[in-house]
Amino acid sequence: METTNYTRVTEFVLTGLSQTREVQLILFVIFLSFYLFILPGNILIICTIRLDPHLTSPMYFLLANLAFLDIWYSSLTAPKMVVDFFVERKKISFGGCIAQLFFLHFVGASEMFLLTVMAFDRYAAICRPLHYATIMNRCLCCILVAVSWMGGFVHSIIQVALIIRLPFCGPNELDSYFCDITQVVRIACANTFPEELVMIFSSGLISVVCFIALLMSYAFLLAMLKKHSDSGESTNRAMSTCYSHITIMVLFGPSIYIYAHPFDSFSLDKVVSVFHTVIFPLLNPIIYTLRNKEVKTAMRKLINKYILCKEK
């Protein structure tokens, strides 16, 4: 990378999703509604699992951690995007951009690793039911969650270290509604091919490998459950849980599209980014609560208990 004199960019200008006032108002209502559903929906999942004495299995412990990551992930982009619909010049400081990049990759990678841990949990529950409690004890669950977070942290540090060393001397306009690493790399005043290769290898490899591992593991589990489909309600419940996990896993596919291809501009980039940062966290509470009777029952009890307390 060449070392030349340049005026360092102190802020980035975001183009947002639309420049039309009417469209911005419509998008404001839509995304505000999404965020106001994501936040209480995931908080309700966490509170239900924490307060209900029947939801103590490792699966629910991992689900509560996933809900927490969804709250964090959506909060990194949605609030600023909603506010920016009323701002003519949308901007973010260089430091704010780096911070947003760090936490997006930190939380996103941690969530991918956590989904892999949840697949291992389902494998232990279905293939080793008699030893499940011993294998997936609380200590191991905490270690696996900590490792997921640590993996996300290491991945994010690599991304940020590569970005910070790049020179930015203008232009400073990002064709996005948040500080997207693919957009930031494109406007650097240097040859970024080596950095792009490392980023694609890091982000793309994590996405593709985890996705393939999840796909193969759940396909194996479903094949096993199909063989024992006459075993009664417990097998049907296990299949329902697996279907929920598979749905979430498939919906995580946009991360492969975003980070596994070269950092060139594609017309679908913004659409995929919106799905990845806003829609995906919204679907987690819906999918898990609709397909899980225990969680739905516990939620009803918690809500009814809250209503009774308010009436008193």
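Residues numbered from 1 in each chain as written. Predicted model: local features only at pLDDT ≥ 70, side-chain atom pairs only at ≥ 80, totals over all residues. Heavy atoms only, no water.

Under an unreviewed UniProt entry, the chain has the name Olfactory receptor and belongs to Sciurus carolinensis. UniProt lists a comment for the chain under the heading Sequence similarities (unreviewed entry), and it reads "Belongs to the G-protein coupled receptor 1 family." Under the heading Subcellular location (unreviewed entry), UniProt records this for the chain: "Cell membrane". (UniProt positions renumbered as here; feature names shortened; annotations may be inferred.)

Caption draft 1: Summary view of the sheet that holds strand β2 (residues 91-93). Strand order in the open sheet made by the three strands is β2-β1-β3, with mixed pairing throughout. The sheet is open, and its two borders are formed by β2 and β3 (173-174), each paired with just one other strand. Relative to β2, strand β1 (residues 11-14) runs antiparallel, the two being bridged by three bridges. When the sheet's bridge partners are listed, V13 is paired in β2 with K91. (Pairing = 2+ DSSP bridges. Helix = DSSP H or I, 4+ residues; strand = E, 2+ residues; numbered from the N terminus.)

Caption draft 2: Region of interest: the environment of S202. Relative to the elements of secondary structure, S202 occurs in helix α8 (residues 193-227). Taking the C-alpha atoms as reference points, S202 and I158, separated by 44 residues in sequence, lie 8.3 Å from one another. Setting aside residues up to four positions removed in sequence, S202 forms contacts with H155 and Q159. (Contact = heavy atoms within 4.5 Å.)

Caption draft 3: Main features of helix α2 (residues 58-75). If you check α2, its first and last C-alpha atoms are 26 Å apart, about what 18 residues at 1.5 Å a residue would give, namely 26 Å. With 15 of 18 residues buried, α2 is to be regarded as a mostly interior element. (Expected span 1.5 Å × (residues − 1). Buried < 20%, exposed > 50% of the residue type's maximum accessible area, 1.4 Å probe, protein only.)

Caption draft 4: Region of interest: the environment of E195. Residue position: E195 is located in helix α8. Separated by 32 residues in sequence, E195 and I163 place their C-alpha atoms 8.1 Å apart. Once residues lying within four places of it in the same chain are set aside, the contact partners of E195 are L162, R165 and L166.

Caption draft 5: Structural context of helix α4 (residues 94-127). End to end, α4 covers 49 Å across 34 residues, agreeing with the expected 50 Å (1.5 Å per residue, within 8%). For α4, the tally of buried residues reaches 26 of 34 residues, placing the bulk of the element in the interior.

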